[in-house]
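Here are the chains, one letter per residue:
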Amino acid sequence: MTYLPTADHDELRAAVRELAEERIAPRAAEIDEKAEFPWDLKELLAKQDLLGTCFEEKHGGTNLDTIGQSIVAEEIARADATTSLIPIVQKLGALPIMLAGTDEQKDRYFPRLASGEWLAAFGLTEAAAGSDVASNRMRATRDGDGYVLNGSKRFITHGSVANLLTVFALTDPEAGGRKGMSAFIVEADTPGFAAPRVEHKMGIRGSPTAELTFDDVRVPVANRLGEEGEGFKIAMATLDRSRLGIAAQAVGIAQGALDAAIGYAADRQQFGQRVVDFEGIQFMLADMASQTEAARQLTYAAAARVDAQASDLRYWTSSAKLVAGDTAMRVTTDAVQVLGGYGYISEYPVERMMRDAKITQLYEGTQQIQRLIVARQLLQRAGAAKRG
Ligand SMILES: Cc1cc2nc3c(=O)[nH]c(=O)nc-3n(C[C@H](O)[C@H](O)[C@H](O)COP(=O)(O)OP(=O)(O)OC[C@H]3O[C@@H](n4cnc5c(N)ncnc54)[C@H](O)[C@@H]3O)c2cc1C
């Protein structure tokens, strides 16, 4: 399967890099310090058609392939990880509708998401249901031509700023999360919905991570995605694709840290020579560059599998997220080392990048969960999966 970026991809990268360097990078430190959602950059990305890359042209999107979408996320994350989450989560929130929505649901919501007029969020995690998604407790009770949602969600990216949320709740509690959960579209102005709390975080500090409460929130049957009981399947299919956005984000964070480290080391003098001329530093930079490139290529290989709807795409996207997340953590930590004491202070961007990198090992399935997915697929291929 070919996955090499084309001349169009190179052009896209150059255009997004220029925009990110000129307009996003200068805002990154302030966004981090104030921990405020960058509405100005959301508008900028919307104007540049960068929030509609995953939507079809008939809905106002630009319908980029998944490598193209990865390049957009990567180049924005190279400047600022918080801002890269705006297109990444727009897709995450929309994916359940892409995968299980009716034409009517898509026609109703996608134009507003593709233009960036509306933001989307994806509400799966609960306080007692993180990695163990199937232990969700939120309820959706059928009532006439609608459902009444009650319960709460935790750690929902953009949950407090989104206009539309795709949310998962039990329609058949006795059947449990795997068979009794269903997916719904909830508009944020529906009575009974609230986002009462936003977390204080280590990194991606401008991206609000919200607690959501649902107190008799009534949604019409027309807002259910797929059939009753298909929620778990829809959530897993969503994450199998969306975690590639996190892989791209991680590659971008690593590249940003590498570039900052090279720039600093080429300038800084110690013992009468440039720090970059010490072989020990060059070896670190070489490792950082090769590992970042390996993560990037694996991300693109996985992107091609997503576009081809390959039956083993989950193996590829989990591998990419695993490798890219660990690479981002390692490379940003090494970037701090290359800058010495200056790497540790907020005047330089690498300490922020190191804090931002950590989340890529945690959300959309922790690295342990990625390993479980990869191992299961591996054993299935080898015919050595556990029976029963
Ligand atoms: C900033 C942020 C943004 C997020 N955004 C969203 C969002 O938009 N939407 C959403 O629905 N969720 C979101 N999440 C939730 C995120 O996906 C979960 O936090 C993550 O899946 C882990 O769940 P947990 O935090 O409950 O950890 P736990 O599941 O409690 O895990 C604790 C530890 O146990 C390990 N562990 C768990 N199970 C196993 C196992 N079977 N084998 C080996 N180790 C295991 C984990 O890897 C981890 O190290 C977000 C989280 C954060 C922090």
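Definitions and cut-offs
- Residue numbering note: each chain is counted from 1, following its sequence as written.
- Local features in this predicted model are restricted to residues whose pLDDT is 70 or higher, and side-chain atom pairs enter the listing and the counts only when it is 80 or higher, whereas totals over whole chains, interfaces and linings include all residues.
- Neither water nor hydrogens contribute to the side-chain values; these are computed over all heavy atoms in the structure.
- Residue ranges for the domains originate in an automatic or database domain assignment.
- Working rule for contacts: check all heavy atoms of both residues, and any pair within 4.5 Å makes them a contact.
- Note: buried area is the sum, over both parts, of the accessible area (probe 1.4 Å) each one loses when the two are combined.
- Note on definitions: salt bridges are taken to be side-chain nitrogens of Lys or Arg within 4 Å of carboxyl oxygens of Asp or Glu.
- By the criterion applied in these results, polar contacts are pairs of N or O atoms within 3.5 Å in which, for protein atoms, one can donate a hydrogen and the other can accept it, and in which residues neighboring in sequence qualify only through two side-chain atoms.
- Helix and strand assignments come from DSSP, with helices taken as H or I runs of at least 4 residues and strands as E runs of at least 2, each series counted from the N terminus.
- Patches were defined on residues exceeding 30% relative accessible area and lacking a salt bridge, with like-charge contacts within 9 Å and nonpolar side-chain contacts (Val, Leu, Ile, Met, Phe, Trp, Tyr) within 5 Å.
- Only the protein chains shown count as cover for residues, with accessible areas throughout obtained via the Shrake-Rupley method and a probe of 1.4 Å.
- Under the scheme applied here, a residue whose accessible area is under 20% of the maximum for its type counts as buried, over 50% as exposed, and between as partly exposed, the area being computed with a 1.4 Å probe on protein chains only.
- Under the pairing criterion, centres of Phe, Tyr and Trp rings, with the six-membered ring standing for Trp, must be within 6.5 Å; the plane angle then separates stacked pairs below 30 degrees from edge-to-face pairs above 60, leaving the rest tilted.
- Definition used: whenever NZ (Lys) or CZ (Arg) falls within 6 Å of the ring centre and also within 35 degrees of the ring normal, the charge is taken to sit over that ring.

Examining the domain arrangement of the chain
The extent of an interface is frequently quoted as the accessible surface area lost upon association of the parts. Assigned domains of the chain: these are domain 1 (7-114), domain 2 (120-228) and domain 3 (233-381). Centre-to-centre, using C-alpha coordinates, domain 1 lies 20 Å away from domain 3. Contacts between the two partners involve 24 residues from domain 1, matched on the other side by 29 residues from domain 3. Of the roughly 2,000 Å² buried where domain 1 meets domain 3, counting both sides, 63% is carbon and sulfur surface. Ranking the residues of domain 1 by area buried against domain 3 places T66, E74 and R78 at the top, with a combined share of 24%. Put simply, domain 1 and domain 3 have 3 salt bridges between them. R355 is paired through a salt bridge with D32; the nearest N and O atoms lie 2.8 Å apart. For the pair domain 1 and domain 3, the interface holds 9 residue pairs in polar contact (both at pLDDT 80 or more). Sorting the residues of the side of domain 1 that touches domain 3 by element identifies α1 (7-34), α3 (66-79) and α4 (81-100) as the ones contributing at least two each.

Some thoughts on a nonpolar patch on the surface
Together, Y342, Y344 and I345 make up an exposed nonpolar region whose accessible area comes to about 350 Å². Here Y342 falls in the partly exposed class, since its relative accessible area comes to 36%.

A closer look at the side chain of K42
Along the polypeptide, K42 turns up in helix α2 (residues 39-47). Among the polar contacts made by the side chain of K42, one reaches the main-chain carbonyl oxygen of G116 at a distance of 2.8 Å. In contact with K42, not counting residues within four places along its chain, are F37, L51, I86, G116, E117 and L119.

A short note on the packing of aromatic side chains
Tallied over the full model, the rule gives 11 aromatic pairs. Each ring, one from Y264 and one from Y342, has its centre 6.2 Å from the other, and the planes form 35°; the classification is tilted. On the criterion of sequence distance, the pair formed by Y264 in helix α7 (residues 231-267) and Y342 in the loop between α9 (313-339) and α10 (350-359) is long-range, its members being 78 residues apart. Take Y264: its relative accessible area is 11%, and that puts it in the buried class. Through successive ring pairs, a cluster of aromatic residues spans Y264, Y342 and Y348. Stacked on the ring of W118, the Lys or Arg R112 has its end atom at 4.2 Å from the ring centre. Above the face of the W316 ring, R305 is positioned so that its terminal group lies 3.8 Å from the ring centre.

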